[in-house]
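Commentary on secondary and tertiary structure
Each chain, letter by letter, is given below.
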Amino acid sequence: RSALQTPRDPRVHDRARTKSWRPHARRISRDPTRRRRWSGVGETKNAVDLVTEYNVKVEDLVRGEIARGYPHFQFIGEESYSSGTRPPLTDVPTFCSIQSVLWRVFPEHFVNKSINKTNNMDGTTNFVHGFPNACISLGLIDQRVPVLGVIYNPFLDHLYTGVRGGGSYLHTRLHPEPQRLPLTPVAARPLPSLAVALIAVEWGSDRGPDAIRRKANSFSRLAGAPPHGVMAHALRSVGSAALNFGLVAQGAVDLYWFIGCWPWDVCAGIVILQEAGGFVTGSKDVLHDGIVTEAILTGRRYLAIRGVAETPEESSIEVQKRIAREFYDTVEDIPLDE
């Protein structure tokens, strides 16, 4: 029996919506002077993989806050993983946190040592440039399965929440009540082929000659006219894995594909998307059945498909499986850059 009883009460979403950190995030995200007063912006692997000197400090602080509130839960985060601390995934409830650049969004909280445990950020490059697609995200894994996710974009004040078995919602200032995802009912959204799809893709941080060639070829095949391409409606690059998952969940994007991100990038988004009727799978070679196994969660290759309407010939999941096969028949295989 799990040590965690996943909450299915809709008030879980309300508590996330009313957290006190949202006003701070909105105020700071709108102040360009704060976004640009950094002396600690650096690089990890290359000039497009941005980090700060505070990343490790912030992750340590988040780990400490989680340990106090949930002493028996484990924690997986980017900075500790990169430094060599790589605990195996177990059945114990585990918080999964993306790269910590929290100090940029919540400097007052960092100084006061008062940080909510859901505050870590995805979309570092976007934030550095003031492009309004960066988010705070934290997922929770129980028995090696993602069960809870929170994603918050302070630029747009968009908050996504998802609880396994409890649905997923988008909370915005424009709507007093949370909006159940997807925003348009699945029954009204067919997806007959890639040719009518809006697809989110990313260039990623691996810009070596082989990787960039394979990515460019794949994008060309997705966007190009037949017979050399499928001529999808369009490609989009949002710059945040978590937000891409949120956009697929709400139905604004039909598919999202990325090679090279990590479990902490997608854990929260997987829950939110699945609760919206979406489909998540891994590489071309895995079984595309919509079940996110540990191998898929940690495999660093992700394909996300929104909830789709069934047809007289196919159920919703059969449509999603067919779209996944069509997608992988179109793109090139891209080796992981370890």
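Our structure's up above, just so we're on the same page.
Described in the following lines is the structure provided in the data block.

A separate point is the overall build of the protein. Of the regular secondary structure elements, the protein holds 13 helices and 15 strands. A buried classification covers 51% of the 338 residues belonging to the protein. Looking at the protein alone, contacts between residues at least 24 apart form 64% of all its contacts between residues at least 6 apart.

Okay, the sheet that holds strand β12 (residues 234-236) next. In spatial order, the strands read β12-β11-β13-β15-β14; together these 5 strands make up an open sheet with mixed pairing. Among the strands making up the open sheet, the edge pair consists of β12 and β14 (279-281). Between one strand and the next, the sheet's axes are offset by a mean angle of 20°, whatever the strand orientation. Sheet analysis places strand β11 (residues 198-201) next to strand β13 (residues 255-259), joined by 3 bridges and oriented parallel. Residue pairing in the sheet places Ile 199 in a bridge with Leu 255 of β13.

When you tally the buried positions in strand β8 (residues 158-163), you get 5 out of 6 residues, the bulk of the element. Bridge count between strand β7 (residues 145-153) and β8: 6 bridges; the pairing is antiparallel. Residue pairing in the sheet places Tyr 152 in a bridge with Leu 159 of β8. Taking the residues that link successive antiparallel strands as the turn, the β7-β8 hairpin has 4 residues, and the phi of Asp 157 there is positive, at about 55°. Relative to strand β9 (residues 167-172), β8 runs antiparallel, the two sharing 5 bridges. Following the sheet pairing, Thr 161 is matched in β9 by Tyr 169. Connecting β8 to the antiparallel partner β9 that follows it, the hairpin turn spans 3 residues, and Gly 165 within it adopts a positive phi of roughly 85°.

Calculation notes
The numbers attached to residues start from 1 for each chain and follow its sequence in the written order. For this predicted model, a pLDDT threshold of at least 70 governs which residues receive local features, and a threshold of 80 or more governs which side-chain atom pairs are given and counted, while totals over whole chains, interfaces and linings are taken from all residues. Excluding hydrogens and water, the side-chain figures rest on all heavy atoms present in the structure. Secondary structure elements are taken from DSSP: a helix is a run of H or I of four residues or more, a strand is a run of E of two residues or more, and numbering for both begins at the N terminus. Only protein chains enter the accessibility calculation, which uses a 1.4 Å probe; a residue is then buried when its area is under 20% of its type maximum, exposed when over 50%, and partly exposed in between. In what follows, residue pairs with any heavy atoms lying within 4.5 Å of each other are defined as contacts. Any two strands between which DSSP finds at least two bridges are classified as paired. Axes here mean lines fitted to C-alpha atoms, for a helix over just the part in contact, with angles spanning 0 to 180 degrees between N-to-C directions.

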